[in-house]
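Coordinates in review
Here's the letter readout for the chains.
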Amino acid sequence: MRRRWYLYLPLFTIWGFAYVRLFIDPTPRVPILVNWTPSLPYHVALMQFQQHPVARGDLIVFAFAGEAKSHYAGLRGQPFFKRVRGIPGDVVTVIERTVFINGEPVGQAKTRTFDGHPLAPIAPVVIPPDHFYVQGIGPNSFDSRYRESGLVRADQVLGVVVPIF
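Now for a description of the structure that goes with this document.

Rules used throughout
- Residues numbered from 1 in each chain as written.
- Predicted model: local features only at pLDDT ≥ 70, side-chain atom pairs only at ≥ 80, totals over all residues.
- Heavy atoms only, no water.
- Helix = DSSP H or I, 4+ residues; strand = E, 2+ residues; numbered from the N terminus.
- Pairing = 2+ DSSP bridges.
- Buried < 20%, exposed > 50% of the residue type's maximum accessible area, 1.4 Å probe, protein only.
- Patch = residues over 30% accessible without salt bridge, like charges linked within 9 Å, V, L, I, M, F, W, Y side chains within 5 Å.
- Areas by Shrake-Rupley, 256 points an atom, 1.4 Å probe, with all protein chains shown as cover.
- Salt bridge = Lys/Arg side-chain N within 4 Å of Asp/Glu carboxyl O.

A word on unusual backbone geometry. One non-glycine residue, E96, adopts positive backbone phi at about 55°. For E96, the location among the structural elements is in the loop between strand 5 (91-95) and strand 6 (98-101).

If you want it as structure tokens, here you go:
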């Protein structure tokens, strides 16, 4: 190892960036984002840092601030990559565990997380000004269907993204 210590530099660099992102500042600083989860079909996207009004159907990146950060400290401020399904003034209702926006079903809320924590569906609400209902496409996406995630405030939005692939 002493003779080839320089071969470990990329590994230590990646660990250093991961540590900073997880524990110090999770805000994306580069315009290319990578999505490792199956919550959206896109794996690489270009982030637009310019602030413009968020519209229904936009893909956004936002800093997580939901109730779940009390169970999972690593979620605090982590960037989430989701599609905007509900905008201010839309009506969110829940029948059994099916979530509706303006009467249209948008998803089924699961009862538990993968590690067993109980999940409650979002409470029925009219989306207030400067808030958004966001959702991934997968049934296992952790999004606004759940009270533990909740609605996203406009000040949490880091930018709108354009999928590359």
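Structure shown, so let's carry the discussion forward.
On to the sheet that holds strand 6, then. Backbone-to-backbone hydrogen bonds pair the strands of a sheet. The strands run either parallel or antiparallel. Here 4 strands make up an open sheet; going across it, the order is 7-6-5-8 and the pairing antiparallel. Pairing within the sheet leaves two strands with one partner each, and these edge strands are strand 7 (104-108) and strand 8 (125-126). Where strand 5 meets strand 8, 2 bridges bridge the pair, whose relative direction is antiparallel. Across the sheet, V92 pairs through a bridge with V125, a residue of strand 8.

In this section: the pairing of strand 9 (residues 131-135). The buried fraction of strand 9 is high, at 4 of 5 residues. With 3 bridges connecting them, strand 4 (residues 79-86) and strand 9 associate as antiparallel partners. By the bridge assignment for strand 9, G86 is matched with Y133. Both strand 9 and strand 10 (residues 152-153) contribute to a ladder of 2 bridges, which runs antiparallel. Residue pairing across strands places F132 opposite V152, the latter belonging to strand 10.

Our focus in this paragraph is a nonpolar patch on the surface. Nonpolar side chains collect at one region of the surface, where W5, Y6, L7, Y8, L9, L11 and F12 lie side by side and expose about 730 Å² of accessible area between them. Along the chain, L9 falls in helix 1 (residues 9-24).

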